[in-house]
Amino acid sequence: MIGLRRAGAAAALAASALLGSLAARAVPAASAPPFRYVPHAWGARPTVAEMSSLGRRIFFDAGLSASGRQACASCHSPANAFGPPNDLAVQPGGAEMTRSGTRSVPTLRYVQTSIPFTQHYIDDDDAGGQDAGPTGGLTWDGRADSPSAQAALPLTSPNEMANASPRELAARMRASSYAREFRDAFSAPGRDVFDDPERVMGWAAAALEVYQESAEDFYPFTSKYDAFLRRQTTLTESEARGLALFNDPRKGNCTSCHPSAIRSSGAFPVFTDFGYVALGAPRNAAIPANRDPAYFDLGLCGPERIDLRDSHPDDCGRFKTPTLRNVATRKVFFHNGVFHSLREVLAFYVRRDLTPERWYPRRPDGTVRKYDDLPATYRDNVTREAPFTPSPDGRPRLDDAEIDDVVAFLETLTDGYASGGRTHRSSQVDATSISPR
Amino acid sequence: MNRLRFLAILVSLRGAHAAAAVDSPRTVGGVVAGDGYYQNALVCLDANRNARCESRERHTRTAADGSFTLEGRGPVVAEIGPDAILIDPATGTTQPVTDRLTLRAPAQATGVVSPISTELIALMDARHGHSDRAFHAALASLEGRLGLDEEQVLSDPNRADDPVRATLRNENDGLVDRIAAAVAESGRSASRVRSLRNRLALDDIRTVVVIYAENRSFDNLLGLFPGANGLREARRNPIPQKDRDGSVLPMLPPAWTGLTAPGQSVTVTQAETTNVLPNAPFQIDDPLHRYFRTASRKVVTRDLYHRFFENQMQIAGGANDGFAAWADSGGLVMGYYDGRQSALWRLARRYTLADNFFQGAFGGSFLNHQYLVCACAPEYPNADTSPAKPSLTTLDTDDGGRYLPRLTVASTSKPSALDAIPTFALSGNIAPKDYFGDGTFRAVNTMQPPYQPSANKPAKTDETRLYADPSAATTLPPQTAPHIGDLLDAKGLSWAWYAGAWNQVLALTTANPYSPPPQSGPGTSNPPPVVPTFQFHHQPFNFFAGFDPVARADARAAHLKDYEDLVAAAKAGTLPAVTFYKPQGNLNEHAGYSNVADGDAHIAGVIRTLQASAQWKHMLVFLVYDENGGWWDHVAPPHGDLLGPGSRIPAVVVSPFAKRSFVDHTQYDTGSIARFLAHRWSLPLLPGVKRRDDALTAGGGRRMGDLTNALDFGP
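Bear in mind that the values here come from a model prediction, so they are computed numbers and not experimental data.

Caption draft 1: Molecular detail of the pattern of salt bridges. Residues and elements named next belong to chain B. For the structure on display, the rule yields 55 salt bridges over all chains. For Asp-99, the salt bridge is made with Arg-702, and the minimal N-O distance between the two is 3.5 Å. Of this pair, Asp-99 sits in the loop between strand 8 (94–96) and strand 9 (101–105) while Arg-702 is found in the segment after helix 18 (687–698), placing the two residues 603 residues apart along the sequence. Asp-99 sits in the partly exposed class, given a relative accessible area of 28%. In this structure Arg-702 comes out as exposed when scored by relative accessible area, which is 55%.

Caption draft 2: Structural view of the packing of aromatic side chains. Residues and elements named next belong to chain A. The full count for this structure, using the stated rule, is 56 aromatic pairs over all chains. An aromatic cluster of three or more residues is present, and its members are Phe-334, Phe-339, Phe-348, Tyr-349, Trp-359, Tyr-360, Tyr-371 and Phe-388. One residue, Arg-199, lies across the ring of Phe-35, its end atom 3.6 Å from the ring centre. Here the basic side chain of Arg-305 rests over the ring of Phe-117, its NZ or CZ set 4.2 Å away from the ring centre.

Caption draft 3: Focus on empty space enclosed by the protein. Residues and elements named next belong to chain A. Scanning all chains against the criterion turns up six cavities of 30 Å³ or more. Its volume calculated, the largest cavity comes out at about 280 Å³. Lining of the largest cavity is provided by 21 residues; of these, Pro-106, Thr-107, Val-111, Leu-138 and Thr-139 occupy positions nearest its centre. Of the pockets and cavities examined, the second largest cavity occupies roughly 120 Å³. Cys-72, His-76, Pro-154, Glu-160 and Met-161 are, among the 14 residues lining the second largest cavity, the residues nearest its centre. Of all elements in the fold, only helix 2 (72–75) and helix 3 (147–156) reach the threshold of two or more residues within the lining of the second largest cavity. Split into classes, the residues belonging to the lining of the second largest cavity amount to nine nonpolar, four polar and one charged.

Caption draft 4: Summary view of the environment of Ser661(B). All names here are of chain B. You can see Ser-661 is positioned in the loop between strand 22 (651–654) and strand 23 (662–664). In this structure the C-alpha to C-alpha distance between Ser-661 and Thr-118, which are 543 residues apart in sequence, comes to 28 Å. Leave out the neighbours within four places in its chain, and Ser-661 touches Arg-349, Arg-350 and Tyr-351. Only 2.9 Å separates the side chain of Ser-661 from the backbone oxygen of Arg-349, close enough to count as a polar contact.

Caption draft 5: Local environment of the environment of Pro381(B). All names here are of chain B. Structurally, Pro-381 is set in the loop between helix 11 (365–374) and strand 16 (395–397). Accessibility expressed as a relative area gives 43% for Pro-381, which makes it partly exposed. Considered as a pair, Pro-381 and Gly-34 are 347 residues apart in the sequence and their alpha carbons are 40 Å apart.

Caption draft 6: Representation of the nonpolar core in the model. Ile211(B), Ile484(B), Phe580(B) and Phe622(B) are the most contacted members of the largest nonpolar core, which totals 149 residues. Discounting residues that sit within four places of it in the chain, Phe622(B) has contacts with Val208(B), Val209(B), Val210(B), Ile211(B), Val652(B), Val653(B), Ile673(B), Phe676(B) and Leu707(B). In this structure, Ala215(A), Val327(A), Phe333(A) and Val368(A) belong to the second largest nonpolar core, which totals 52 residues.

Caption draft 7: Just the sheet that holds strand 19 (residues 560–562) of chain B, in detail. Residue and element names in this part refer to chain B. Read across the sheet, eight strands follow the order 19-18-20-11-21-22-14-23 without closing on themselves; strand pairing throughout is mixed. Strand pairing shows two members of the sheet lacking a second neighbour, strand 19 and strand 23, which therefore form its edges. Across the sheet, the axes of successive neighbouring strands diverge by a mean angle of 20 degrees, strand direction being ignored. As defined by bridge partners, strand 21 (residues 619–625) adjoins strand 22 across four bridges and the pair is classed as antiparallel. By the bridge assignment for strand 22, Leu-623 is matched with Val-652.

Caption draft 8: Layout of helix 3 of chain A. Residues and elements named next belong to chain A. Counting buried positions along helix 3 yields 10 of 10 residues, so the element is predominantly enclosed. Taken as a whole, helix 3 has its buried residues at Pro-147, Ser-148, Ala-149, Gln-150, Ala-151, Ala-152, Leu-153, Pro-154, Leu-155 and Thr-156. Turning to helix 3, the residues buried within the fold contact helix 4 (166–174) and helix 6 (197–211).

Reading guide: rules and limits
Residues numbered from 1 in each chain as written. Chains lettered and ligands numbered in written order. Predicted model: local features only at pLDDT ≥ 70, side-chain atom pairs only at ≥ 80, totals over all residues. Heavy atoms only, no water. Salt bridge = Lys/Arg side-chain N within 4 Å of Asp/Glu carboxyl O. Helix = DSSP H or I, 4+ residues; strand = E, 2+ residues; numbered from the N terminus. Buried < 20%, exposed > 50% of the residue type's maximum accessible area, 1.4 Å probe, protein only. Phe/Tyr/Trp six-rings, centres within 6.5 Å; stacked < 30°, edge-to-face > 60°. Lys NZ or Arg CZ within 6 Å of the ring centre and 35° of its normal. 1 Å grid on protein atoms, 1.4 Å probe; cavity = no way out; pocket = protein on both sides within 12 Å on 5 of 7 lines; lining within 4 Å. Points joined across faces, edges and corners; volume = space filled by probe spheres on them. Nonpolar A, V, L, I, M, F, W, Y, C, P; charged D, E, K, R; others polar. Contact = heavy atoms within 4.5 Å. Polar contact = N/O pair within 3.5 Å; in protein donor to acceptor, adjacent residues only side chain to side chain. Core = buried A, V, L, I, M, F, W, Y, C linked by side-chain atoms within 4.5 Å. Pairing = 2+ DSSP bridges. Axes fitted to C-alpha atoms, helices over the stretch in contact; angles between N-to-C directions.

Function cannot be inferred from these measures alone, as they are strictly geometric.
If you want it as structure tokens, here you go:
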């Protein structure tokens, strides 16, 4: 098992992967086509099954990290729906496991339907032609356009698995227990993939992407709520009340970002619209980077991506809306992991502006420094839609009993539910399968 | 001299038909007229009433003023071929005759041999009579339909004054193509009388039902249909999909984010579709896929781009080789279904399948619903200073600064379709100012109706709760262009738009608080309520000022109704003359929220309901898809105007009068429905339908048909 020695470590994602992207870079029309890390790159090889199987082994292989103690699965814990395994805001990492990053670990489940990041997203049918603005991409700021691009980030981040170069990763891969399978699957005819570290990197990321598409592990749709939608079970009274509050635009208004509805013969909800919102989460002192008062994590505006910082100041402070599927398995919430329970999160949602002193520090003059994790210039970007605004009567949108009901509902979104003699195969993967070397 | 003679004949004839029994002149005479006069038309006394000039029949040729005289009595037939010319008497300008025409006139009224007199005799033939009684019955029908008296109906359109002249011209214009089609169909030996009657004598159709389904290309659903222009033809002349740089793609791109929608019983992932789909159509429900599981018609696929400019980039000027490059769904665009198990297929087998029917407008459902009712794109006045300003589309321009129908690609967009979906600078809801050349801003992608039900809630100040917030970026201002309902109203014809879940959704969106589906489920019910999937932009009339919920509440009540009302009216035999039906979202076959099988079964049920109605024996049903839904089709749309037509879609004509087991290759588009209604009830053509015709003919093409080629009223 890996050691998790102290709080404050991070799963922050490197600003730029050594692998630019699995996809092609812009190439002049005349040059040779770019190599693509795709199934059947050479006739029958590699198959999707081979890529998925190798991706799985890579995912659980702590030996691929500089520390030898950190696998993908260390932070993206299969026992926690591929989210963080503990209540740390950020996870430990780095070559000595002494570093930490800046953001909490997102779940890897249900992210595969995310489109690449775009400034304008118009859904003609479900959103009626409204421009949802920035949408898509992976990670908290959408800078990775595909799961493979995302996978390359922690492999190379000095705060995480800390491979300083493709060569380092290739060396570690070559020493793995599945090196032969990797070579057999990913070597071009007459070549040895281990002779080309860039390709080892590319194939590793591609294999991780294919593994992360496996329906059983990452896309199961086996929650109680799914069973409810399939008319295989019923919700308890509390859960049903919670769903109603979740949907009600005057109460939780949660569906404005976390759609909950199934079309009666259509797609199941993934509980995110893949959009970006600034919630004004309080600054979290548990993140080491925050010791620097000049440091701000601005999401779409950096520090990890800076392409929008100057041109789109309205986007500063916005972070990607996560799926709420399996949210009850988390012990840490929001991009900075400032909250540790769903009740706390919901209380913040409905009382942020009513009792700001509960969430934010006071200045020396006694006034409350609202939205203290954003520079003053960006504080107007913080959303003031329900449920953040109080009800017309001045009360919070949800009272404590209603929050209990919403939490009860959110707990129905955890995969692996079995009911009425109909057992859904548990999609949980044994967390002990992380293999240190 | 000629004119005097003509007047004399006209005067004599006006009296003649009324007193034919006693008055027995020795000659018949008149003019062969349409939109001008036909010179050198061959005119015969049609002794055997077969609508053909034969050598044994008395014959002559018309003069430059269209006039003729023949000795004897009886019905007249004029054969107009390439050796004839059409002369405009006002200007003297001449036009060659391109399509062979046959004009007829009954013995009772030979003074003006015109398309209208040809229609008149066809109506008589439909009653199997050439007696005076049959003549007067047919004439009465025309009088009623045209709103003219007997003398006016029989008058020369070139000499009449407006508004009679305009009415006659409109009627004649609507007849000419049908007459040409009948002449072509009957050829040398088939019954020309029958061909003319099938196209011209439409009185037996008393109820027209338009079922407007969703988002499938012809090849997607019916590509394997025997006898239709389908995938076999596409294979004979393959259309390899090209990459964004114009090179041929080595393989189809993956179905991005997977072929199947979330939560389906079968999951086909993106990786499983990567690098295994040859650059060709593939069968989604093929039971023997080599690389991924079979997604049957019951499995919902992911959605596909179907937007105004993207559709044009995919059609690529008719090459149809840009579908994969400019899709958000990658290679899925090339998917198709077996189709044989579907009710659509069975209906097409039994009745008439139109295999050359194009969506009227490029792009999506919003615009094609508008096109169905107004043949137009909605206008957003001063959009650049309105709340909708952020949704103005960014287009490329040519060297002269004129807009091209091509979205500006974002700088971060991947050059190859194999690497990612395209991203654009801004593919918005509204085309740039003056894109259509009339100085306006027009909405081309989904916007919201100004009235509830709308995806935009009422403004805070709206105490009626009946309007959508006009300050919302996606609320379209009320439209005032003429629509088909206006034309039907003007004729005093009944009509209604029936929509699935209309009443339920109207109640939800006018409730306080506004609670549109799908968020509106009560939540406390176990198991979950079936929440209607209702698309506001599939309700085209709700965008028009004539249905203002306060000022025009009566019009709304009369014309905008629920599916349940349709069922009740069908059972009671009280369906209006023109009935539109829009199924609700989960039953309309739209990819992304509806599977093929459920919508198909629902529509089959609706048709059974209609067939059980007392009105069925005089009913004509057009089962038409609104647009291709982003799915590829191999047929190049004809070159029309800036609005369309777009890709080819399935269309089936179901009626006791539909030709049986017939595949109709006539060129149609969505506007053909308005054209049929115009012809059946002598309505003016919508300006957009006329514009489409002009654009087609200006480009050397043919006008769209009016669907009468699908009809057969029997021997």
